[in-house]
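So you can see what is in the structure, the chains are spelled out below.
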Amino acid sequence: MTRETFANALLALLLLAVPIAASYMGEPFYVTLATRIAVLALAAVGLNIALGLGGLVSFGHAAFFGLGGYAAGVLATHAFNAEPLLFGIASTTSMPVIWLVAIVVCGLVALPIGAVSLRTAGVYFIMITLAFAQMIYYFAVSWPAYGGEDGLSIYVRNTFPGLNTAQPLPFFLICYVLLLLGLLLFRFLRDSRFGAALQAARQNATRLAAVGIPPFKIRLVAFAISAMVTGLAGALFADLNRFASPSMLSWHMSGELIVLIVLGGIGRQFGPVAGAMLFVLLEYVLGGITERWQFFLGLILLGVVLFARGGLIGLLAGRARHG
Amino acid sequence: MSAALLLEQLLNGLQLGVMLFLMAAGLTLIFGVMGLINLAHGSLYMVGAFACAMIASATGSFWIGLAASLVAAAAAGAIVEVLVIRRLYQRDHLDQVLATFALILIFSEGTRWLFGSFPLYLDIPPLLQGAVPLPGGGQYQLYRLAVIGVGVVVAAGLYLLISRTRLGMRIRAGESDREMIAALGVDISTLYTVVFALGAALAGLAGALVGALQSVQVGMGEPVLILAFVVIVIGGIGSIKGALFGAVLVGVVDTMGRFLLPQALSLMLPASQANLVGAALASMLIYIVMALILAIRPSGLFSAQS
């Protein structure tokens, strides 16, 4: 068992044990806090596929996070008002169906965005993904049918067969299990032939092309998978807050997702989990001390970027063996 | 729809384009010379606007405020460059994005700390109040025309600075080979600070000029920053000419889209729906234009690198 495996297991146990204990001590607030950590971590796990494995600095993943959220919001609204969707299909409040819709929508949107953005590289890629996310943001804000600037309330949290999702703990467990599945997917992708090609595309795309694997296709598939995982997290986030907000689509969200990964450690399996824990705790602790917590978050972030490149996992488990 | 209204909207588009040029010129210069992507450029725009509003209300003169905005933004830029940005030139773009994202948080929250959450207001100077008649019978705000004039003067000044002066020569040399000019004895780190401060001053000027048209508030730089990104991506990163062309294109397309699309759609759809669809489409229009341009030329129209 390496130090990293040990650190990962510790983080996973901690994230499970604290809310269960809090729930039995009658402190539902901490369960909600842990749910927030799990959901944000899942979103960042998605981004970590593109960013950590593929080296694709997407500054527009809020688009997928928000689309997932709106998928949950729109379906719940239609079901609540008993309005059929397109072609008279009845809407639903069943979470698994909503997740599926969120994942499919994000995949379908990510393919054209990725196809245009991946023609470019470096700074262009950063700015273009940002611009596409802004495009979707402005569309959501200016389209009044689903709330426009006010966002979309989910009056009753969507349902999961056999569980009472209105209770904090069952909903946390759903999010936690999905986070673990996301982490397993990340690990599976990383260790698969596909993941090897993706990481090779990051390290040297020309060589990859020379051995007969087109980097563009590999990257596009990775970008789409990454978007789908982040979209799933978005659906959970909307259900957590019972609100699909345009701020989920805003570029601050994209920035925060990158921050989560870097705080935790880029390309590390549990980097997003560590990052999300640190971020939410900072938000909570600093937010309790001062109204100006973002100022200090900025200073901390600056310090991490300038002086502590391995992130939290790097601190716990030593530097990554491969670059 | 009269010709005067159309002309007015066209001028509005041009005015937006000029503002975007002031932002984009600094961004593209900084990227071209130092290879740095600076998200905090919008914060410098905000610093300029706040400095102008504060000094103008203290002294009663817009012009002193305008000078203060240049000084404050350039100083803020120089300080940030020396303290933080300097350490980022050798890093990859991800680190640059994150560090400058952190700077945004610090700047925004710091400004809110100093000035509170309420917007400040900046009056148009008496000299530029009023309107001028347009051909076709309309009226146009004199101040906006003056803003367009400032943009043209700055564009010409930048052109002269870069093509005719020793500093410009060094900037161009820095763009093509930074090791070589360092080897030739140019103090490269001072040059970087100067270029960064110059870009910051342009952003501050834009902030102060726009501050008199809108309110001065925290976060005002972010929408402009993203538009400026679109501009330099369209124009080609590192190219001032591209920034000018892209800025005018984005300004005019955005303004005209918001004006014309609902009207064009009303020929096909009922009025209420046409407004709705038109407004939603118009807000996405420049991004669609950007995607189309990139699909044809992935490194922009006037790329300096290719």
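As the structure is a prediction and not an experimental result, all values here were calculated from the model.

J.: So what's going on with the confidence of the model for chain B? Residues and values would help.
T.: Summary statistics for chain B give a mean pLDDT of 87 and a share of 99% for residues scoring 70 or more. Put simply, strand β1 (residues 131-133) of chain B is where chain B has its lowest mean pLDDT, 82, and helix α3 (residues 62-83) of chain B is where it has its highest, 94.

J.: Please give an account of the environment of Leu158(B) that cites residues and values.
T.: All names here are of chain B. As for its position among the elements, Leu158 is in helix α5 (residues 142-164). Given the relative accessible area of 6%, Leu158 is considered buried. Between the C-alpha atom of Leu158 and that of Ser61, which follows or precedes it by 97 residues, the distance is 27 Å. Apart from the residues within four sequence positions on either side, Leu158 is in contact with Phe21, Ala25, Leu198, Leu202 and Ile240.

J.: I'd like a description of the interface of chain B and chain A, backed by residues and values.
T.: Facing the 51 residues of chain B at the interface are 43 residues of chain A. Surface buried jointly by chain B and chain A totals about 4300 Å² across both partners, of which 81% is contributed by carbon and sulfur atoms. Here chain B is connected to chain A by one salt bridge. For Arg292(A), the salt bridge goes to Glu109(B), with nearest N and O atoms at 3.4 Å. At the boundary of chain B and chain A, one finds six residue pairs in polar contact (both at pLDDT 80 or more). Take the side of chain B that touches chain A: its biggest share by element is 16 residues, from helix α4 (residues 93-115) of chain B. Partitioning the side of chain B that touches chain A into residue classes produces 37 nonpolar, seven polar and seven charged.

J.: I'd like to hear about the packing of helix α7 (residues 193-203) of chain A against helix α9 (residues 215-241) of chain A, residue by residue, with values.
T.: Residues and elements named next belong to chain A. Relative to each other, α7 and α9 sit at 110°, their axes nearing to 9 Å. Judged by the angle between their axes, α7 and α9 are roughly perpendicular. Considering how the two elements wind past one another, α7 and α9 form a crossing that is left-handed. For the pair α7 and α9, contact is made by Phe194, Ala197, Leu198 and Ala201 and by Pro215, Ile218, Arg219, Val221 and Ala222, respectively. Here the residues of the contact of α7 with α9 sort into eight nonpolar, no polar and one charged.

Rules and cut-offs
Residues numbered from 1 in each chain as written. Chains lettered and ligands numbered in written order. Predicted model: local features only at pLDDT ≥ 70, side-chain atom pairs only at ≥ 80, totals over all residues. Heavy atoms only, no water. pLDDT = per-residue confidence, 0-100. Helix = DSSP H or I, 4+ residues; strand = E, 2+ residues; numbered from the N terminus. Buried < 20%, exposed > 50% of the residue type's maximum accessible area, 1.4 Å probe, protein only. Contact = heavy atoms within 4.5 Å. Buried area = accessible area lost by both parts, 1.4 Å probe. Salt bridge = Lys/Arg side-chain N within 4 Å of Asp/Glu carboxyl O. Polar contact = N/O pair within 3.5 Å; in protein donor to acceptor, adjacent residues only side chain to side chain. Nonpolar A, V, L, I, M, F, W, Y, C, P; charged D, E, K, R; others polar. Axes fitted to C-alpha atoms, helices over the stretch in contact; angles between N-to-C directions. Parallel < 35°, antiparallel > 145°, perpendicular 65-115°, else oblique. Left-handed = near helix turned anticlockwise from the far one by under 90°.

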